[in-house]
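So the chains spell out like this:
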Amino acid sequence: MKKYLSLTALLVLALFMMVSCATKALSEPVVVEEAKTLDSSVKDIQKYGNLVLSITKSDMDSIGAEYGDVFTVDLGDQVLEAPYCTSYSDVEIGDLVLRNDGDGIILAINMGDFASSYGIATKVSNPDKTYQWVFEEGKKLEDITLSLILTSKGEYRGQYLIHQLFRTNERDDYSSDAVFANFREIVGGNLGSGALFRSSSPVNNEIGRAKYADELVSFNNIRSVMNLADNREAIEGYFKEEDFASPYYKSLYENGQVIALNMGVSFKTREFQNGLVEGLTFLSKNEGPYLVHCNEGKDRAGFTSALLSALMGLTYDEIASDYMTSYENYYHVEKGTEQYEAVKRSNIDSMLSFIAGVETKDLENVDLSVKAEEFLVAIGMEKVDIDTLKSKLSKNYK
């Protein structure tokens, strides 16, 4: 479904960045004189709190909507604004987006939980890491309706172009197995040699990388795994798939060396933070080398890796560079470009700002190691387990 950035798109992006007057024109709102409205019900609430709407791209086309247009979202008791885009990462972390995912239109918060944040429903997690959405008494999914009103044309177009990210899932399009699997060791600070790794999923083959990741996990003798994306039922389901080819991961799982956390994507939620405490405590009680992964190894694994990197004394530049390597690997985003800086500012700067409790402009002037430890204590991790984890991460395993 996803392809490389086409030559046409590259030319559009280059023109956008080079011609200031064009940039200004794309960024300025054009008020729609006659409001065009689409009424929608909600077909489903996804795992992460995204609302799957009943309207489709064809409906959006029928009122002349284009990517980068801004809609007013009328929920009845709440009125919001959201740009029309193609990816969650087309907006900053925490911002609203109307996303065309190919099958329909989704109303979401980038790395957030829309349903919970706006009182649509409450997510109740079960002991087995499954979940269900619970509505107010007397209400059900079918009762949720909203209206999308096309408010301004092209208001968000400039930011939309900067955020465009495209990848393929073909191994031959990447320079190595490690780049394709987004697999790498995190190095620097007080981290020991061969102690901490991050990766795309070595067990879920949805994006075609599991086999390659599993081979790299085996090669680096990983002994303990923090799986941020799946519960046990999902993992065991992957074992039964026809394309399953991850024997080393399966052996780790069956030996109790994988913790399945099934975490959401919003690092500001209590659920996510509880998962961090559970997962990092598990690592502290098991032996390295360690692996942290989600599905792509980019967002949830990105936050967790940044937190551990900060804890172990890596600098802001080292942490940011490691985080952005995922975007270089997947999307061939080039360092030093406007697109690179936009993603960095939107994602890793926001993550570190949240961990450290400071504004992004102050990140290079604080002791991130101290702030990371304070963060872990604040979300409930025991000091003795933090000290044990730091000790084990500082060992040389190679």
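Here is a short report on the structure shown in this document. Remember, predicted model here, so these are calculated numbers, not experimental data. (Residues numbered from 1 in each chain as written. Predicted model: local features only at pLDDT ≥ 70, side-chain atom pairs only at ≥ 80, totals over all residues. Heavy atoms only, no water.)

Now for the overall build of the chain. Within the chain one finds 16 helices and 14 strands. Against the 2.2 N^0.38 benchmark of 21 Å for 398 residues, the chain shows a C-alpha radius of gyration of 22 Å, consistent with a compact globule. Split into buried and exposed, the 398 residues of the chain put 52% on the buried side. At a minimum sequence separation of 6, the contacts of the chain that also span at least 24 residues come to 69%. Per element, the accessible surface of the chain, about 17700 Å² overall, is 49% carbon and sulfur. Averaging the positions of the 39 positive and the 61 negative side-chain charges in the chain gives two centres separated by 4 Å. (Helix = DSSP H or I, 4+ residues; strand = E, 2+ residues; numbered from the N terminus. Rg over C-alpha atoms; globule rule 2.2 N^0.38 Å. Buried < 20%, exposed > 50% of the residue type's maximum accessible area, 1.4 Å probe, protein only. Contact = heavy atoms within 4.5 Å. Areas by Shrake-Rupley, 256 points an atom, 1.4 Å probe, with all protein chains shown as cover. Lys, Arg positive; Asp, Glu negative; His and termini not counted. Charge placed at Lys NZ, Arg CZ, Asp CG, Glu CD.)

Now for helix H13 (residues 338-346). A turn of α-helix holds 3.6 residues, and therefore any two residues three or four places apart point the same way. Among the residues making up H13, those that are buried are Gln339, Tyr340, Ala342, Val343, Lys344 and Ser346. Residues of H13 that are buried make contact with helix H5 (157-162), helix H12 (316-331) and helix H14 (348-356).

The tally for this structure, following the rule as stated, stands at 25 salt bridges. Note that Asp69 is salt-bridged to Lys153, the shortest N-O span being 2.7 Å. Separated by 84 residues along the polypeptide, Asp69 in the loop between helix H3 (57-62) and strand E3 (70-74) and Lys153 in strand E9 (residues 145-153) bring together distant segments of the chain. Note on Asp69: relative accessible area 2%, which makes it buried. (Salt bridge = Lys/Arg side-chain N within 4 Å of Asp/Glu carboxyl O.)

The N-to-C vectors of helix H7 (residues 210-219) and helix H9 (residues 247-254) enclose an angle of 65°; their axes lie 7 Å apart at closest approach. Contact residues: Asp214, Val217 and Ser218 in H7; Pro247, Tyr248, Tyr249 and Leu252 in H9. Split by residue class, the contact of H7 with H9 holds five nonpolar, one polar and one charged. (Axes fitted to C-alpha atoms, helices over the stretch in contact; angles between N-to-C directions. Nonpolar A, V, L, I, M, F, W, Y, C, P; charged D, E, K, R; others polar.)

What follows deals with the sheet that holds strand E10 (residues 184-185). The mixed open sheet is built from five strands, whose spatial order is E10-E11-E14-E12-E13. Pairing within the sheet leaves two strands with one partner each, and these edge strands are E10 and strand E13 (258-260). The sheet strands contacting helix H10 (residues 270-284) are strand E12 (224-227), E13 and strand E14 (290-293), and the helix crosses E12 at an angle near 175°. (Pairing = 2+ DSSP bridges.)

Now for the packing of helix H8 (residues 232-239) against H9. The N-to-C vectors of H8 and H9 enclose an angle of 140°; their axes lie 11 Å apart at closest approach. Judged by the inter-axis angle, H8 sits oblique to H9. As H8 packs across H9, the resulting crossing turns out to be left-handed. Contacts between H8 and H9 pair Arg232, Ile235, Glu236 and Phe239 from the former with Tyr249, Lys250 and Tyr253 from the latter. Its residues placed into classes, the contact of H8 with H9 shows four nonpolar, no polar and three charged. (Parallel < 35°, antiparallel > 145°, perpendicular 65-115°, else oblique. Left-handed = near helix turned anticlockwise from the far one by under 90°.)

Here the bond from Gly288 into Pro289 is cis, since omega is 5°, no more than 30 degrees from zero. Relative to the elements of secondary structure, Pro289 occurs in the loop between H10 and E14. Of note, the phi angle at Asn262 is positive, near 45°, even though the residue is not glycine. If you trace the backbone, Asn262 turns up in the loop between E13 and H10.

This part covers the nonpolar core. Counting residues in hydrophobic clusters, the biggest one holds 60 residues, and the most contacted among them are Met226, Leu276, Leu280, Phe303 and Leu307. Sort the elements by how many residues they give to this core and H12 lands first, with eight residues. Not counting residues within four places of it along the chain, the set of residues in contact with Leu307 comprises Leu276, Leu280, Ile355, Ala372, Phe375 and Leu376. Within the second largest apolar cluster, 30 residues are counted, among which are Ile63, Leu80, Ile109 and Ile120. (Core = buried A, V, L, I, M, F, W, Y, C linked by side-chain atoms within 4.5 Å.)

Relative to the helices and strands, Val52 is located in strand E2 (residues 51-53). Residues within four places of Val52 in sequence aside, it is in contact with Ser41, Val42, Lys43, Asp44, Gln46, Ile105 and Ile106.

Right, let's get into H12. The end-to-end C-alpha distance of H12 is 22 Å, a good match for the 22 Å that 16 residues give at a rise of 1.5 Å each. Of all 16 residues making up H12, twelve are buried, and the element is well covered by its neighbours. Taken from the residues just after H12, His332 is the one with a positive phi, measuring 55°. (Expected span 1.5 Å × (residues − 1).)

Per the stated rule, a full pass over the model turns up 18 aromatic pairs. Plain terms: the ring middles of Tyr67 and Tyr84 are 4.8 Å apart, the flat faces sit at 50° to each other, and that makes the pair tilted. With Tyr67 in the loop between H3 and E3 and Tyr84 in strand E4 (residues 79-85), this residue pair connects regions lying 17 residues apart in the sequence. Judged by relative accessible area, which is 1%, Tyr84 ranks as buried. Measuring from ring centre to ring centre gives 5.5 Å for Phe239 and Tyr253, while their planes differ by 70°; the resulting arrangement is edge-to-face. With Phe239 in helix H8 and Tyr253 in helix H9, this pair connects stretches of sequence that are 14 residues apart. Both residues of the pair, Phe239 and Tyr253, count as buried. (Phe/Tyr/Trp six-rings, centres within 6.5 Å; stacked < 30°, edge-to-face > 60°.)

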